[in-house]
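Structural overview for review
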Amino acid sequence: MPAVHHKLLLEEALQDSPQTRSLLSVFEEDSGTLTDYTNQLLQSMQRVFGAQSEMGLATEQLSHQLLDYEKKNFALGKGDEEVIVTLQNFAKTVVELNSLHSVLANQMADSMVFPLIQFREKDLTEISTLKEIFGIATDEHEAAMVKYSRLPKKRENEKLKSDLVKEVAYTRRKQHQASLQYYCALNALQYRKRVAMLEPMLGYTQAQISFFKKGIELVSKKMDNFLSSVSNMTQNIQAQLDTEAETMRGSQRDFLSVEDTVYMPDKDTEPVNRTLIQKAGYLNIRNKTGLVTTAWDRLYFFTQGGNLMCQPRGAVAGGMVLDLDNSSVMAVECEDRRYCFQITSPSGKTYVHSPTYPTMRMMHTHVYEILDAFYLILSVAINASRSMILQAEGKREYEEWICTVNNISRQIYLTDNPEAVAIRLNQSAIQAVTPITSFEKRPEGSPNPDRAKPGGVHAASSGSQKTGAAPEPEDLIAPGTPIQFDIMLPASEFQDQNRAGGRRTNPFGETDDDCSTETDDSLLQQVFAVRFQGSMAVRCGNNQEVIYEAMRQVLAARAIHNIFRTTESHLMVTSSSLRLIDPQTQVTRISFQLGEVCQFAAHQENGRLMGFVVEGRDWSDGDEEGEPSFSAFVFESNTEGEKICYTINLAKDITEAKKDPEALAQLMKNMPLTNDGKFLLLEPETGDTSNGAEEDLESEA
């Protein structure tokens, strides 16, 4: 190393010349720069030492975390035994490395940080102290010289002069002594700074070399085989991951290459599966939030056996909501929403059970609180009534849910082969709309004429009673015959009735004196509240079985096509005609002369169902008389259908009695009459019908 060429000359300290002062300022500037650099270097070294100390603490914490992997109960931790053993071995290695890091940190503190701190506190602080002492001595010397220079020339005072001389000599000696010490310290600093800069880095490098040597010994002796096995294991896992990732990317491409209709609601192209006995998916459930306010929540529903289950999002298990055995389901209109249906429990009992699986014990407390609140709201929403209203996302989901609940309600899931039973029941429902041919087996649901009990049903004539073997369905109704589910009054007919002065029909029998027809009908006028179910063409009109077959096909068609809404009307039975009247406008929708009604009957099991057959003429073949044609009409009434049939039969008796005055008098004598001379049959059943036509009703057929 080259020698130091610049130094302060001690022999010039006493003289204190400007040249010496100029050189002193250079040394002082160098000392100040060295002080600033030393502080910055010490901060950097302390940062390295702090990082190394933190490395020791971090490696210690890392070893604890590696050992905690075995204690964590991972939900998908099966098959991690090899990983656990490997991590335990790594934890042991990390502990050994932690000891090496601790030794390295101690060596850095002793051989790197401490020498530099000692240099700053000893040498640089000494320079700063000597500089202050030198400055004070210089100021005192200058003050003494000022006093000495002011000694008077004319009046000399030997005593004052002697004192000032002694003071100047004392301060000059003191300045000389301080300057010598200051100059020596500055000259020595030029050597000490070189040692101070090199010694910490020497200690740092030696400590790192020692650390690496011990690390190499640890790795080469103990970890070569272990690290190679871990490397092979990670490579195998990475290869499996690459294979699985490529497979998933291919599957992702396949899934994303589908049509956009897959993501669109209500765009299903697959046909409806009506044979399901299990169903799952998201539905909207209607909840009451107040007296008149409601809210809809989107929840996940699924069927399990004969139960309807509900599982909120985020829960690990579902709870039972409703017992579907012997329940009923129907499409409903609710709050102007599409695809709504209603499930009704036969006993009115609903169940909402929170999941109690053992895995739920692992959930946090706040998750339990959320689920408890959810099931409480759901139980209030369902138990508030005997039914629950749900909304499906699309038409296919809507129909499949209805069919699935229907299948489950019949308890076919308890049979040995529920899928086959569901297919057979669905085929029977389809055959109810399109009857089978004569050489096939008769369907289960068709009426059995041998057990027919007409009860209050009366035929138009004795020839209309059935004799002989039961007819086949295709003999009564042609296969594929269309069914009409509503009677629409054309607008032109409504206007013609009003323009022509057509009088509105009063359902309570009040008549005008200028109407001869009403005079004829004054003997009998009875009104029944009915709901039109459907009508269809039939092949004969002299057999009650044709009415039963029409009822079966109409109701089956409504169930298959989910047509449950009906409109209430008034059926007026008079001694000359049958009229179906709109309860709001009092306009006659359709009317039949009593002579055209050739057959009528009530359902043998559902007493609220009744129907009749009307005979007409078909002139499409050009025949002047026309070929006879028959149509069956099916109604559901608020009262027993037998009462309607009894009234129709009485009307026919009155019509026959009108031909013979004696017979009419005898009939009026046997029957009770009202005060105005009409036959007394039943009280009016229509009630308040002001809004009858505005509100559609749900059929209970």
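Note that the structure is predicted; figures quoted are calculated from it, not measured. (Residues numbered from 1 in each chain as written. Predicted model: local features only at pLDDT ≥ 70, side-chain atom pairs only at ≥ 80, totals over all residues. Heavy atoms only, no water.)

So, on to the overall build of the protein. Check the secondary structure of the protein and you find twelve helices and 16 strands. Buried positions account for 39% of the 701 residues belonging to the protein. Summarising the internal contacts of the protein: among those between residues at least 6 apart in sequence, 72% fall at separations of at least 24. Per element, the accessible surface of the protein, about 41,000 Å² overall, is 53% carbon and sulfur. (Helix = DSSP H or I, 4+ residues; strand = E, 2+ residues; numbered from the N terminus. Buried < 20%, exposed > 50% of the residue type's maximum accessible area, 1.4 Å probe, protein only. Contact = heavy atoms within 4.5 Å. Areas by Shrake-Rupley, 256 points an atom, 1.4 Å probe, with all protein chains shown as cover.)

What follows covers the pattern of salt bridges. Enumeration over the complete set of coordinates arrives at 19 salt bridges. Between R531 and E568 there is a salt bridge, with its nearest N and O atoms 3.9 Å apart. With R531 in strand β8 (residues 525-538) and E568 in strand β10 (residues 568-574), the pair connects residues that are 37 residues apart, well separated along the chain. The exposure class of R531 is buried, given its relative accessible area of 5%. A residue is classified by how much of its surface remains accessible, and E568, at 11% relative accessible area, is buried. In this structure, R531 and E636 form a salt bridge, with 3.6 Å as the shortest nitrogen-oxygen distance. With R531 in strand β8 and E636 in strand β15 (residues 627-637), this residue pair connects regions lying 105 residues apart in the sequence. (Salt bridge = Lys/Arg side-chain N within 4 Å of Asp/Glu carboxyl O.)

A sheet is described by the order of its strands in space; here seven strands give the open sequence β12-β11-β10-β8-β15-β14-β13, paired in antiparallel fashion. Edge strands, defined here as strands with exactly one partner in the open sheet, are β12 (588-593) and β13 (597-602). Pairwise comparison of adjacent strand axes, ignoring direction, gives a mean angle of 30° for this sheet. Where strand β11 (residues 577-581) meets β12, five bridges bridge the pair, whose relative direction is antiparallel. Within the sheet, the bridge partner assigned to L578 lies in β12 and is F592. Together, β8, β13, β14 (609-618) and β15 form the strand contacts of helix α10 (residues 545-560), whose direction differs from that of β8 by roughly 80°. Contacts from helix α11 (residues 641-657) reach β8, β10, β11, β13, β14 and β15, with the element oriented near 150° to β13. (Pairing = 2+ DSSP bridges. Axes fitted to C-alpha atoms, helices over the stretch in contact; angles between N-to-C directions.)

The next point concerns helix α5 (residues 395-409). Think of an α-helix as 3.6 residues a turn; residues three or four steps apart then line up on the same face. With 15 residues, α5 extends 21 Å between its outermost C-alpha atoms, agreeing within 8% with the 21 Å of an ideal straight helix rising 1.5 Å per residue. Of all 15 residues in α5, twelve are buried, a share of seventy percent or more. The complete set of buried residues in α5 reads R396, Y398, E399, E400, W401, I402, C403, T404, V405, N407, I408 and S409. (Expected span 1.5 Å × (residues − 1).)

Looking now at unusual backbone geometry. Phi angles above zero are rare outside glycine, and Y339 is one such case at about 60°. Within the fold, Y339 resides in strand β6 (residues 337-344). Residue class for Y339 comes out buried when judged on its relative accessible area of 16%. Phi is positive for Q586, which is not a glycine, with a value near 60°.

Okay, a nonpolar patch on the surface next. Taken together, the side chains of L256, V258, V262 and Y263 present a nonpolar region at the surface, about 410 Å² in accessible area. Locating Y263 in the fold gives a position in the loop between α3 (158-256) and β1 (280-288). (Patch = residues over 30% accessible without salt bridge, like charges linked within 9 Å, V, L, I, M, F, W, Y side chains within 5 Å.)

Here we take up the environment of V48. Locating V48 in the fold gives a position in helix α1 (residues 18-68). The class of V48 is partly exposed, set by a relative accessible area of 33%. For V48, the residues in contact, after removing those within four places along its chain, are M108, M112 and Y204.

To continue, consider the nonpolar core. Among the nonpolar cores identified, the biggest contains 31 residues, and L24, F119, Y182, L186 and M197 are the most heavily contacted of them. When contributions to this core are tallied by element, the ones reaching two or more residues are α1, α2 (81-149) and α3. Sorting elements by how many residues they give to this core places α2 first, with twelve residues. Apart from residues lying up to four places away in sequence, L186 is in contact with L8, L24, F27, S31 and I127. If you look at the next biggest cluster of nonpolar residues, it comprises 25 residues, including I487, V573, V614 and C645. (Core = buried A, V, L, I, M, F, W, Y, C linked by side-chain atoms within 4.5 Å.)

Attention now moves to the packing of aromatic side chains. For the structure shown, the criterion picks out 15 aromatic pairs. In this arrangement the basic side chain of R298 is found over the ring face of Y282, its NZ or CZ atom lying 4.4 Å from the centre. (Phe/Tyr/Trp six-rings, centres within 6.5 Å; stacked < 30°, edge-to-face > 60°. Lys NZ or Arg CZ within 6 Å of the ring centre and 35° of its normal.)

With that settled, the discussion passes to the packing of α1 against α2. Interaxial distance between α1 and α2 falls to 8 Å at its minimum, and their mutual angle equals 160°. Classified by the angle between their axes, α1 and α2 sit roughly antiparallel to one another. At the point where α1 passes α2, the crossing takes the left-handed sense. Looking at the contact of α1 with α2, its residues break down into 28 nonpolar, 14 polar and five charged. (Parallel < 35°, antiparallel > 145°, perpendicular 65-115°, else oblique. Left-handed = near helix turned anticlockwise from the far one by under 90°. Nonpolar A, V, L, I, M, F, W, Y, C, P; charged D, E, K, R; others polar.)

Inspection of the secondary structure puts S53 in helix α1. Taking the C-alpha atoms as reference, S53 lies 9.7 Å from V103; in sequence the two are 50 residues apart.

Note: β1 against strand β2 (residues 294-304), nine bridges, orientation antiparallel. The residue of β2 that forms the bridge with L283 is L299. Where β1 hands over to β2, the hairpin turn is made up of five residues, counted between the paired strands. When β2 meets strand β3 (residues 307-311), the two strands line up antiparallel, connected through five bridges. Its bridge partner being in β3, Y300 is matched across the sheet by Q311. Remark: two residues form the turn of the hairpin made by β2 and β3, two consecutive strands paired antiparallel; G305 in that turn has positive phi of roughly 65°.

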